[in-house]
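The chain contents come next:
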Amino acid sequence: MTDEKDNRYMELAIEQAQIAEENGDVPIGAIIVYQNQIIGRAYNQREQLQDPTAHAEIIAITQAAAFFESWRLIDCTIYVTLEPCCMCAGALVLSRMNRLVYGCDDPKTGAVKSLYNIVQDDRLNHRLEVTSGVLADECTAMLQAFFHRRRIENNET
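Residues numbered from 1 in each chain as written. Predicted model: local features only at pLDDT ≥ 70, side-chain atom pairs only at ≥ 80, totals over all residues. Heavy atoms only, no water.

### Some points on a negative patch on the surface
Piece 1. A grouping of Asp3, Glu4, Glu11, Glu15, Asp137 and Glu138 is seen on the molecular surface, where their side chains present a negatively charged patch.
Piece 2. Residue assignment for the negative patch shows that the elements contributing at least two residues are helix 1 (4–22) and helix 5 (136–156).
Piece 3. Looking at which element gives the most residues to the negative patch, the answer is helix 1, with 3 residues.
Piece 4. Assignment of secondary structure puts aspartate 3 in the segment before helix 1. (Patch = residues over 30% accessible without salt bridge, like charges linked within 9 Å, V, L, I, M, F, W, Y side chains within 5 Å. Areas by Shrake-Rupley, 256 points an atom, 1.4 Å probe, with all protein chains shown as cover. Salt bridge = Lys/Arg side-chain N within 4 Å of Asp/Glu carboxyl O. Lys, Arg positive; Asp, Glu negative; His and termini not counted. Charge placed at Lys NZ, Arg CZ, Asp CG, Glu CD. Helix = DSSP H or I, 4+ residues; strand = E, 2+ residues; numbered from the N terminus.)

### With respect to the environment of arginine 149
Piece 1. Residue placement: arginine 149 occurs in helix 5.
Piece 2. Judged by its relative accessible area of 38%, arginine 149 falls in the partly exposed class.
Piece 3. Each C-alpha atom of the pair arginine 149 and isoleucine 19 lies 16 Å from the other, and the pair is 130 residues apart in sequence. (Buried < 20%, exposed > 50% of the residue type's maximum accessible area, 1.4 Å probe, protein only.)

### What about the packing of aromatic side chains?
Piece 1. Overall, the coordinates contain 4 aromatic pairs when judged by the stated rule.
Piece 2. Residues phenylalanine 146 and phenylalanine 147 carry aromatic rings whose centres are separated by 5.1 Å and whose planes lie at 80° to one another, so their mutual orientation is edge-to-face.
Piece 3. The class of phenylalanine 146 is buried, set by a relative accessible area of 5%.
Piece 4. Residue class for phenylalanine 147 comes out partly exposed when judged on its relative accessible area of 36%. (Phe/Tyr/Trp six-rings, centres within 6.5 Å; stacked < 30°, edge-to-face > 60°.)

### Some details on the side chain of histidine 126
Piece 1. The residue histidine 126 is located in the loop between strand 4 (99–104) and strand 5 (129–132) in this model.
Piece 2. The class for histidine 126 is buried, based on a relative accessible area of 16%.
Piece 3. A distance of 2.7 Å separates the side chain of histidine 126 from the backbone oxygen of methionine 97, its partner in a polar contact.
Piece 4. For histidine 126, the contacting residues outside a window of four places in its chain are Val93, Arg96, Met97 and Val119. (Polar contact = N/O pair within 3.5 Å; in protein donor to acceptor, adjacent residues only side chain to side chain. Contact = heavy atoms within 4.5 Å.)

### Let's talk about the nonpolar core
General note: in soluble globular proteins, nonpolar side chains tend to be found buried as a group.
Piece 1. Ranked by size, the top nonpolar core spans 49 residues in total, and within it Met10, Ile32, Met97 and Leu100 carry the most contacts.
Piece 2. Sorting the residues of this core by element identifies helix 1, strand 1 (29–34), strand 2 (37–43), helix 3 (56–68), strand 3 (76–82), helix 4 (86–94), strand 4 and helix 5 as the ones contributing at least two each.
Piece 3. At 6 residues, helix 3 tops the list of elements feeding residues into this core.
Piece 4. Look past the residues within four positions of methionine 10 in its chain and what remains in contact with it is Tyr79, Val80, Thr81, Val101, Tyr102, Gly103, Val134, Leu135 and Cys139. (Core = buried A, V, L, I, M, F, W, Y, C linked by side-chain atoms within 4.5 Å.)

Below, the structure written as structure tokens:
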């Protein structure tokens, strides 16, 4: 069972995801917290920046690293609305993030539970604590509504 703090930070990640959607991107948001302070806050910007690496997690990690002036994000927790992909899961391991909390699973590209488990792979030199399913219904509904609208728009043109 998740606690109130996890729900509160996930709500903030959902707010970031809504910004992504307003900008025409897939609605995924991320928040990084260190000692109850938000040190990274981002949303998907692949379309906006025309950059395949502009995932919410990567942008938030960059912000958090700038906060510490270090690539090591020890004792940090990332909250993200969707299960991270291979790139983002790898970045979480490489940044030495302590904990990952995510909303809904991603059966097509998820690299934490759905397809792979990069963040807890014993062969790697770092592993994260994982909590999944936090506000999963809200996260899922937002993504489903986005892609439903996208399919309708693509059929109209």
